[in-house]
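Overview (structure and organization)
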Amino acid sequence: MSKKYKIAVVNGDGIGNEIVPAGISVLETVAKKYDFEIETQEFSWGAGYYLQHGEFMPENGLETLQSFDAIYFGAVGLPEVDDTLPAKDYTFKVRTEFQQYVNYRPVKLFSGIQSPLRDKTKKDIDFVIIRENNEGEFVQNGKIMHPDTPNGLAIDTSIVTRKGVERIAHFAFKLARKRDKKVTNVTKSNTLIYSLGFWDQVMGEVAAQYPDVEYNKMYVDNASASFVLKPEVFDVIVTTNMIGDILSDLGGAIMGSLGLGGSGNINPEKEFPSMFEPIHGSAPDIAGQNTANPIGQIWSAAIMLEHLGETKAAQNIVAGIEHTTAKGNLTKDLRGTATTKDVATSVISFIESEG
Ligand code: NAI
Ligand code: MG
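Residues numbered from 1 in each chain as written. Chains lettered and ligands numbered in written order. Predicted model: local features only at pLDDT ≥ 70, side-chain atom pairs only at ≥ 80, totals over all residues.

1. Concerning the domain arrangement of the protein chain
According to the domain assignment, the protein chain consists of domain 1 (1–105 + 265–355) and domain 2 (115–255). Each partner contributes to the interface: domain 1 provides 15 residues, whereas domain 2 provides 18 residues. Where the side of domain 1 that touches domain 2 is concerned, the elements lending two or more residues are helix H4 (85–97) and strand S4 (102–108). (Domains from an automatic or database assignment. Contact = placed C-beta atoms within 7 Å. Helix = DSSP H or I, 4+ residues; strand = E, 2+ residues; numbered from the N terminus.)

2. Some remarks on the nonpolar core
Among the nonpolar cores identified, the biggest contains 98 residues, and Val26, Ile71, Tyr72, Ile130, Ala172, Ile298 and Ala301 are the most heavily contacted of them. Considering each element in turn, this core owes the most residues, nine residues, to helix H9 (residues 295–308). A domain-level breakdown of this core finds at least three residues from each of domain 1 (1–105 + 265–355) and domain 2 (115–255). Not counting residues up to four positions away in its chain, the partners in contact with Ile71 are Ala8, Val10, Leu65, Val94, Pro273 and Met275. (Core = buried A, V, L, I, M, F, W, Y, C linked by C-beta atoms within 7 Å. Buried ≥ 20, exposed ≤ 12 C-beta atoms within 10 Å, placed from the backbone.)

3. A few points about the environment of Ser274
Here Ser274 lies in strand S12 (residues 274–278). The exposure class of Ser274 is buried, given the 25 C-beta atoms found within 10 Å. On a C-alpha basis, the gap between Ser274 and Val20 in space is 16 Å, while along the polypeptide they are 254 residues apart. Setting aside residues up to four positions removed in sequence, Ser274 forms contacts with Ala70, Gln100, Gly264, Asn265, Ile266, Asn267 and His307.

Encoded structure:
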């Protein structure tokens, strides 16, 4: 009997409703080809759901998700909804409660796409950002006091734990062993001397356990410049929650568009389902036009299949993306005229016809 994976599907808002179905159609195609089953169940959660029900997902939402093998997610957020809610009430909630402490964000230049870095080629832009996904600057541990008075003040406190740094570090070094054996720890420990000083200390201790992997430290200001001037120096980047958030949008930009970036929020121990989503948001400015680039969403499906152990199917999807971009089937963000559906159809016909 063929293997069956239960996938919870959360389109979310905006372009999520266009790119997630595109991704599902690709998933169904590879499943047929590689002889496994994808059983999907859709949940219409997000900011649109909030407008109707006063919450981003039902109270037992996490409990419901728990019985799935993975979550395939678009993005949440709408202009008419308070934008402090999407992360707090959906995205961070799932990432934290399900201990998805690895945010895996690959950056690579696909064939046929001109990077805005005019001299850089495919061999220069090919690395992975491993963003710590449960702690750091985004724990939302803080307070606002007397906001409407002259004495108004606000505090956010970052949290860095030994356990948190050790587990993300081990993930990064193990990944580097499967790639070019190089880890760059991106921090700002020269100024955030307590939290990131400790981060560096623990990272260094773990690095010592992987003598076969080259280990470097780089401050985020230098790293930002290096993304643009010499992206070829990177293989695996390991970094904090906020730095990783910002750098991965920059990673999307040097690939040619934010719409290209895929990602996984991963619980490596598989104690909880992991969640796979593009790096961008719900892009309400282009929603409903069938012009959104679905590649980040489709790539996230490949990352999901890799996590589930369907490596060949995952590689076939990535090959389908390469084929599509190489042929110039590009959406508007890449100065092309293809629709969201055209791009999905092109990936699907490659999968059906090749290998
Ligand atoms: P965004 O990533 O949605 O959009 C930024 C720009 O990139 C926009 O001009 C958009 O049109 C373009 N873009 C993004 N994805 C694209 C794609 N696939 N194809 C073509 N163009 C694309 O970020 P923004 O505008 O800051 O946020 C919009 C909403 O999304 C907000 O409510 C925000 O909170 C939410 N958001 C949700 C995330 C999540 O659910 N994980 C992550 C980031 C933002
Ligand atoms: Mg982001």
